[in-house]
Structures are given as structure tokens and as C-alpha cells.
Amino acid sequence: HRDLHSFPTRRSSDLIKSFTVESRDHITGENVSRRARHVVIAVGGRPNISAPFPQRHPRVIHSSSYCCNIPRLLTSKQDLYNIAIVGSGQSAAEIFDDLQTRYPNARTALIIKDTALRPSDDSPFVNEIFDPERVDEFYQLPQMQRGKTLESNRSTNYGVVRLELLEKIYHNLYQQRVREPDEHAWQHRVLASRKVLNVQELQNEGLMLTIGKTDPMDREDLEFLKVDAVIVATGYTRDAHEDMLKDLVHLNPNWTGVWQVGRNYKLDLNKDLVDEDAGIWLQGSNESSHGISDTLLSILATRSGEIVESIFGSKLKGI
């Protein structure tokens, strides 16, 4: 965990010329403070496990730690486990598919809010939105137009699955239907238009999930699913920088309290308080201002280069 604090200068000027970054070694418990004129925050996303799922429960696994934690929790390859996966994106589909091989005797249920699993749009023209030069175009849009553009591009990255994997999953489920007409007897199921309403811990016997329909007009009875594990593949939140910057809110010139970044990823700080050569840059948390590709690795090198140019540009030209 790291926090930032302003470090007031001791020279005649009152402008802040550097910052301190406080960190803690989780193994040794040692706290370290580092002083820097330039700070880049590039910490990525935090696993999103929202209600009603408990935040730290051994049987609730986020997709980001699936490969490490599922073998520790479900130790036998041949046991008759019951496993639920929540989510409709690529990670959820990959885990749903992987479990059928990893635990061949397990019963699995993929719970999705949408009416069906949907394919990602990676067609050539649409895929151009990930070109680095498209960031300029997106950044110049009015805020309302940015939101509409992000929404129209969601099918490229959020809640969607690569077509090849969709076809494989559909084929496997179709084979089940041929062998067994009763869907409730299937070993693997996709529970569409549903959401988990409650999670109850059963004493030494796993978890009980209460599942309801997402359509409020659907009066169908609730479903109850007893599971040995639930994998939550519901994405990430990219707000870790807000916690790290909590001691610098007085330097934020935006009266709404929302941190703003420039096209060069430099955080907008009060120029009356912070020296022009001191600054903080955000990487990977600027989707709302720089477009849907901001969180992806595909333009990481370009984005990093722009930040280096922003920090050292005039000096680099002299090399």
C-alpha cells in the first residue's frame, strides 16, 4: 500500500517541488518513504467483488486468482464438486470451460445477467479504436460524447467472449442436450438472465447461493444453488489512485473533487501551489478521458513513451 503527500519546499518559493511516496513491505512490515519530483501511478485494477459476495472468503475466488487458489480449495481432481461462475466476459467463459477439464466430475453453473453469452467485436474497422492515434480524437470529445462512445465500444472488451470459445461452449452444451433432454440434469449449465441475490455460508458444507431473475416482471420462484466454490469474474475497479492521492485533495483544482488528467497523462494540480516541473502521472486508469484502450496492454509502450516524453522531453532532445 502506498500513499502520496505533498513535500513543501524549504526554499524562498512556497511552491511544492516534490512529493513523498510512503510504502509498506507486506512481508517485513517495514515502512519506507521516498522523495520524488515526478511520480507515475500505474497500479492497474483492483479485483471487483461486490455485494452480496463476501470480500474475503476462502470459497469466493476472483477470476484474477483462479489458477492459484482453485487447486488449493478443491484439491481432488475427481470429486463431485459443485462450482458456480459469475460473469459473462472472456474470463468467466474461459474458467467455465477450464473447469470441465480440470474437474471432469464437477457440476458447473455459469450465472450471467444478460440473456445470452455474446461474441466480442474484433472486426477490422471496429478494431481501429485501439490504434494509439485514436486517443487524440477521443480526448478532444466533449465529456457527454465520450460516454456515448465508450458505451458503443463496450462490445469490444466488456461482457463479451471470443467467438471460437463461444462455439466450443455451445457445442459441449448441445452434446449434453442430445444425451439428456432434462436441463436440470445437465452437468454444466448457463443460467442466463439471472443474478445472485444472497450468499449464505453453510457450516463446513460450502455456500448456498440465492439466485433470482434479472427481469423484475418475471415472478418465477427463486433458485437455490449449493456450491463448494464460486468464481467471481466481474472485472476490476481502477480507482486505487484515489486512495493514494487522498492526502493531496487540497491540490486538486477541480471543484467536483474528480481528478483530471491532461492528454499527456499528467494529473491536473493547482498551479498556484505546485511547481511546474513537479507532477504526478496516471497510467491505466484514464478510460473515461483517453478511451477504451487505456486499460489494455496493446498500447502500453506508446502510452509509456508519451509519459517519458512529458517528464523528460526537453532534456531528451538535448541528448
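Structure first, text after, so check above.
Residues numbered from 1 in each chain as written. Predicted model: local features only at pLDDT ≥ 70, side-chain atom pairs only at ≥ 80, totals over all residues. Heavy atoms only, no water.

**Quick notes on the layout of surface pockets**
Inclusion rule: We place a 1 Å grid over just the protein atoms. Points where a 1.4 Å probe fits but has no way out form a cavity, open points with protein on both sides within 12 Å along at least 5 of 7 lines form a pocket, and any residue with an atom within 4 Å of a point lines it. Grid points are joined across faces, edges and corners, and a volume is the space filled by probe spheres set on the points. The way it works is that DSSP assigns letters per residue, a run of H or I at least four long becomes a helix, a run of E at least two long becomes a strand, and they are numbered from the N terminus. Each residue gets one of three labels, nonpolar for Ala, Val, Leu, Ile, Met, Phe, Trp, Tyr, Cys and Pro, charged for Asp, Glu, Lys and Arg, and polar for the others, Gly among them.
In this structure, the second largest pocket spans a volume of roughly 350 Å³. For the second largest pocket, the lining is made up of 15 residues, of which Tyr170, Leu173, Arg177, Trp186 and Val190 are closest to its centre. Going through the elements one at a time, helix H6 (163–179) and strand E9 (188–191) are the ones with two or more residues in the lining of the second largest pocket. Looking at the lining of the second largest pocket, the element that brings in the most residues is H6, giving six residues. For the lining of the second largest pocket, the per-class residue count stands at 11 nonpolar, one polar and three charged.

**What to know about helix H5 (residues 143–152)**
Inclusion rule: Relative accessible area decides the class of each residue, using a 1.4 Å probe on protein chains only: under 20% of the type maximum gives buried, over 50% gives exposed, and in between gives partly exposed. Directions from the helix axis toward the C-beta atoms define the arc. Whether two residues are in contact is decided by their heavy atoms, any of which lying within 4.5 Å being enough.
Of the residues making up H5, those classed as buried are Arg146, Thr149 and Leu150. Down the axis of H5, the buried side of the element spans an arc of 100°, and every buried residue falls inside it. When the buried face of H5 is taken as reference, the exposed residues oriented beyond 90 degrees from it are Met144, Lys148, Glu151 and Ser152. Where the residues of H5 are buried, they touch helix H4 (134–139) and helix H8 (287–290).

**Things to note about the packing of aromatic side chains**
In plain terms, the rule: Between rings of Phe, Tyr and Trp, where Trp is taken as its six-membered ring, a pair exists when centres lie within 6.5 Å; planes separated by under 30 degrees are stacked, by over 60 edge-to-face, and by other angles tilted. Charge over a ring is defined by NZ of Lys or CZ of Arg lying within 6 Å of the ring centre and within 35 degrees of the ring normal.
Within the structure shown, the criterion is met by one aromatic pair. When the centroid spacing of 5.5 Å and the interplanar angle of 85° are considered together, the rings of tyrosine 81 and tyrosine 103 count as edge-to-face. Taken together, the positions of tyrosine 81 in the loop between helix H1 (66–73) and strand E7 (82–86) and tyrosine 103 in the loop between helix H2 (90–102) and strand E8 (107–111) put the pair 22 residues apart, joining distant regions of the chain. The ring of tyrosine 139 has arginine 146 sitting right over it, with the charged end atom 5.0 Å from the ring centre.

**What to know about the environment of glutamate 164**
Examined against the element boundaries, glutamate 164 turns out to sit in helix H6. Given the relative accessible area of 51%, glutamate 164 is considered exposed. Distance from glutamate 164 to proline 119, taken between C-alpha atoms, is 9.0 Å for residues 45 residues apart in sequence.

**Some remarks on the sheet that holds strand E11 (residues 206–213)**
As a reminder of what qualifies: When DSSP finds two or more bridges between two strands, those strands count as paired. In this analysis, axes come from line fits to C-alpha atoms, helices being fitted only over the stretch in contact, and the angle between any two N-to-C directions falls in the range 0 to 180 degrees.
Ordered in space as E10-E11-E12, the three strands form an open sheet in which the pairing is antiparallel. Every other strand in the sheet has two partners, leaving strand E10 (194–202) and strand E12 (223–227) as the edge strands with one partner each. If you compare each strand with its neighbour and ignore which way they point, the axes differ by 25° on average. As paired elements, E11 and E12 share five bridges and run antiparallel to each other. Directly across from leucine 207, in E12, lies its bridge partner valine 227.

**Section: empty space enclosed by the protein**
Evaluated as defined, the whole model comprises two cavities of 30 Å³ or more. Surrounding the largest cavity, Ile41, Ala42, Val43, Gly44, Arg238, Asp239, Ala240, His241, Gln283, Gly284 and Ser285 form its lining. Residue classes in the lining of the largest cavity are distributed as four nonpolar, five polar and two charged. Taken as a whole, the second largest cavity holds about 40 Å³ of empty space. Considering the residues around the second largest cavity, the lining is formed by Arg194, Ile211, Gly212, Lys213, Glu220, Asp221, Leu222 and Glu223. Examining the composition of the lining of the second largest cavity, we find that three residues originate from one element, E11, more than from any other. For the lining of the second largest cavity, the residue count by class is two nonpolar, one polar and five charged.

Taken by themselves, the reported measurements are silent on function.
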